[in-house]
Amino acid sequence: MNQTALKEADAFLHSLQQFDNADSIYAPVRKAATLVPYARALRYLGKNISYKTLQKNADALCSAFKAAGFVGREAVTLVLPNVPESVYLLYAAAGAGLTAAPLHPLISPAQIAAAMEKSGSRIVFCLKDRANEIAAAVPQSTVVAFSPARSLGIKRALYAMAHRIRFAHENIYTLSAFLKGKLPERTHTPCGVEAAVLLQSSGTTGEPKSIALTHGQLNALAARGYSILESESVIGESMLSVLPIFHGFGLVMGVHAMLCHGGCNTLFPQFHRAPVVKEVKKGNVQYMIGVPLLYEALLSHPHFNGKALQSLRLAFVGGDFVPQSLLERFNARMKEGGSVCTLCEGYGLTETVTVCSVNVPKATKAGTVGKPLTGIEIEAFDFEVSPPQMLARDVAGELAVCGDTNMLCYAGDEEATNHTFFTYEGKRYVRTGDRGFTDSEGYVHFISRIKRILKVSGIPVYPSEIEQCAAKVQGVTDACVLGIPDERKGEVPVLFVATKDDPKAAEAKIAEHLKVALPPYACPTKVFAMPMLPRTPLNKIDTEKLKSLFTK
């Protein structure tokens, strides 16, 4: 494309800040593909993928969904890391009027089966190395499997030679078979809500929930992409895309926002320091999003310094406690290398799609998570009174958010939805379960999480889920999970159980059970078995005593 055409396309793409939020999430991406078909949309393991190729693959998958009898609102489960096909499938599902239900790529087969039953999904897309274990867990569903090297040309053949996998179940099909219409006849099972995606999160109670987000809510955040990135244009620029699309931050800010505006996503199926630094040095990353652990890892790499950093423009961190020292060390490293990039802290939750307040270079304040995005209000409320009362600025309470990115509902859980939403002076707010306040300058201060949830390397881990899993082991009569601070992962889960069995034997048996039933990041680092868990006078588990047992 010549410079004149590029400028014309750039001007048109800039107007997409006002795209119709009611459209499918595929609509603005398709528009970008029409305007800059040969611009780079994705970069994956050294290969550039154009908008034209993205659209071609998404459209082919969209047609395959329709040919296979998928109709509106049916849920499509994606158990995938950040590979090009995960992006194609996301937009193909949207184009076909289906609901994408992405799950963590390391989630256990039992958890996949439970999530699919809840959403009514009868098809799951995964990588070949997980196909057999997933197929065994969902025998009545269709499993579509493919290689992570499918988009890499000659590397695809080399990968196939090195990773020969034999499918052991009749319900497994290849992605090629799906595209050729070779799936068996199936029963239509519509999802219970009309949503673009279902994301798994904690809810404000700390219990796992399926959060239903509409096309409009996802597009509303993506439309703010220019203001968040403080950029006039992202054409020719790229976002580091490490957080998978099961994560609201990864879905919208890591993938969707850039593609709505003609930018590129540099995909990584797993985070490893060396290849990320290599892409940074090549100038293939201008923007970064991630949890604190990602930035700590990069800072510890010997080549993440000097002129190699000059292509970076802006980085964002959230999803976990962010030490002030991390911000200072990262920004100092950028300055030493002659880069304009700064690390900015933000705040968000899946119930608001993701980020709802953020520091940016033009408006930043140390010790805060920034100002609310344009059109979004964040206030502290007192929920100890009825009806809830908004607190004055600088007074701490439970944070609540009002705006066009607030979720539709918790799918299949009307009670939790009603608990989370409330109306104040004619405005509909969502409770965050977080304690904090907004100051007189409009900056949001996050103090702590009220809801019971752990963050292990930035990934939500639900203590109740681990406890329920442990309770299935014969002999376990009580269980409690605590989050213990960890220098590398932020915090890790530790499990305490009550059992009449021999403590050492019980600990080994429970640990083995959890390794099979839970994803690796959710497995407790230690299991403590005892005859009885200590309790307070109110008959609640005494967590302080348990912590003291751990530190002995």
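Residues numbered from 1 in each chain as written. Predicted model: local features only at pLDDT ≥ 70, side-chain atom pairs only at ≥ 80, totals over all residues. Heavy atoms only, no water.

**Student:** Account for unusual backbone geometry, with residues named and values stated.
**Tutor:** The peptide bond linking serine 386 to proline 387 adopts the cis configuration, its omega dihedral lying at -5°. Mapped onto the secondary structure, proline 387 falls in the loop between strand S17 (377-382) and strand S18 (389-390). Phi at glutamate 230 takes a positive value of approximately 50°, unusual for a residue other than glycine. Here glutamate 230 shows up in the loop between helix H10 (225-229) and strand S10 (238-241). A positive phi angle is found at serine 457, which is not glycine, with a value near 55°. On the secondary structure map, serine 457 appears in the loop between strand S24 (454-456) and strand S25 (459-461). (Helix = DSSP H or I, 4+ residues; strand = E, 2+ residues; numbered from the N terminus.)

**Student:** Outline the nonpolar core, listing residues and values.
**Tutor:** Ranked by internal contacts, the top residues of the largest apolar core, which has 95 residues, are Phe65, Tyr91, Phe125, Phe178 and Phe316. Element by element, the count of residues in this core is highest for helix H11 (residues 248-260), at nine residues. In this structure phenylalanine 65 touches Phe70, Val76, Leu89, Ala92, Ala93, Ala96, Leu98, Phe125 and Phe178, once residues within four positions along its chain are discounted. Val242, Met288, Phe304 and Leu326 belong to the second-largest nonpolar core, a separate cluster that totals 24 residues. (Core = buried A, V, L, I, M, F, W, Y, C linked by side-chain atoms within 4.5 Å. Buried < 20%, exposed > 50% of the residue type's maximum accessible area, 1.4 Å probe, protein only. Contact = heavy atoms within 4.5 Å.)

**Student:** Mind laying out the pattern of salt bridges, listing which residues take part and the relevant values?
**Tutor:** Close approach of charged atoms allows side chains with opposite charge to pair. Counted by the stated rule, this structure contains 14 salt bridges. With its nearest N and O atoms 2.5 Å apart, the salt bridge here joins lysine 365 to glutamate 441. Here lysine 365 is found in the loop between strand S15 (355-358) and strand S16 (371-372), whereas its partner glutamate 441 is found in the loop between strand S22 (427-438) and strand S23 (444-449), with 76 residues between them in sequence. By relative accessible area, lysine 365 is classed as partly exposed at 26%. Judged by relative accessible area, which is 48%, glutamate 441 ranks as partly exposed. Through salt bridges that share partners, Lys365, Asp439 and Glu441 make up one connected network. (Salt bridge = Lys/Arg side-chain N within 4 Å of Asp/Glu carboxyl O.)

**Student:** Break down empty space enclosed by the protein for me, citing the residues and quoting the values.
**Tutor:** Within this structure, the stated rule accounts for two cavities of 30 Å³ or more. Taken as a whole, the largest cavity spans an internal volume of roughly 50 Å³. What lines the largest cavity is Thr77, Ala101, Leu103, Ala115, Met116, Lys118, Ser119, Leu198, Gln200 and Ser210. Mapped by element, the contributors of at least two residues to the lining of the largest cavity are strand S4 (99-103), helix H5 (109-119) and strand S8 (197-201). Per element, the largest residue contribution to the lining of the largest cavity is four residues, and it comes from H5. Looking at the lining of the largest cavity residue by residue, the class counts come to five nonpolar, four polar and one charged. Estimated volume of the second largest cavity: approximately 30 Å³. Among the secondary structure elements, those contributing two or more residues to the lining of the second largest cavity are H10 and H11. The element that contributes the greatest number of residues to the lining of the second largest cavity is H10, accounting for three residues. Of the residues belonging to the lining of the second largest cavity, the class tally is five nonpolar, two polar and no charged. (1 Å grid on protein atoms, 1.4 Å probe; cavity = no way out; pocket = protein on both sides within 12 Å on 5 of 7 lines; lining within 4 Å. Points joined across faces, edges and corners; volume = space filled by probe spheres on them. Nonpolar A, V, L, I, M, F, W, Y, C, P; charged D, E, K, R; others polar.)

**Student:** I'd like a description of the packing of aromatic side chains, backed by residues and values.
**Tutor:** Counted according to the given criterion, the structure contains 15 aromatic pairs. For the ring pair phenylalanine 65 and phenylalanine 125, a centre distance of 5.8 Å and an interplane angle of 75° mean the geometry is edge-to-face. One end of the pair, phenylalanine 65, is in helix H3 (residues 51-67); the other, phenylalanine 125, is in strand S5 (residues 123-127), with 60 residues separating them in the sequence. The same class applies to phenylalanine 65 as to phenylalanine 125, namely buried. Measuring from centroid to centroid gives 5.2 Å for phenylalanine 496 and phenylalanine 528, while their planes differ by 15°, and the two rings are stacked. Of this pair, phenylalanine 496 sits in strand S27 (residues 490-499) while phenylalanine 528 sits in strand S28 (residues 526-530), and the two are 32 residues apart along the sequence. Every member of this aromatic cluster is reached through a ring pair, and the members are Phe381, Phe383, Phe422, Tyr424 and Tyr429. Stacked on the ring of phenylalanine 383, the Lys or Arg arginine 431 has its end atom at 3.8 Å from the ring centre. One residue, lysine 526, lies across the ring of phenylalanine 528, its end atom 5.5 Å from the ring centre. (Phe/Tyr/Trp six-rings, centres within 6.5 Å; stacked < 30°, edge-to-face > 60°. Lys NZ or Arg CZ within 6 Å of the ring centre and 35° of its normal.)

**Student:** Hey, could you go over the environment of alanine 145 for me, with residue numbers and the actual values?
**Tutor:** Structurally, alanine 145 can be placed in strand S6 (residues 142-146). Considering only alpha carbons, one finds alanine 145 and valine 252, 107 residues apart in sequence, at a separation of 25 Å. The residues touching alanine 145, leaving out its near neighbours within four places in the chain, are Cys126, Leu127, Lys128, Ala131, Phe167, Ile172, Tyr173, Thr174 and Leu175.

**Student:** Break down the sheet that holds S27 for me, with residues and values.
**Tutor:** Strand pairing in a sheet relies on backbone hydrogen bonds. The paired strands run either parallel or antiparallel. Ordered in space as S26-S27-S28, the three strands form an open sheet in which the pairing is mixed. The open sheet has two free edges, formed respectively by strand S26 (476-486) and S28, since each of these has just one partner strand. Strand-to-strand twist across the sheet, computed as the mean angle between neighbouring axes with direction ignored, equals 20°. Lying on the sheet, helix H16 (residues 463-470) is in contact with S26 and S27; it crosses S26 at an angle near 145°. Seen against the sheet, helix H17 (residues 503-517) touches S26, S27 and S28 and runs at an angle of roughly 140° to S28. (Pairing = 2+ DSSP bridges. Axes fitted to C-alpha atoms, helices over the stretch in contact; angles between N-to-C directions.)

**Student:** Can you explain the layout of surface pockets? Please cite residues and give values.
**Tutor:** A volume near 1300 Å³ is recorded for the second largest pocket. If you list the elements that add at least two residues to the lining of the second largest pocket, you get helix H6 (128-137), helix H7 (154-162), helix H13 (292-299) and S27. Of the residues in the lining of the second largest pocket, the class split is 32 nonpolar, nine polar and six charged.

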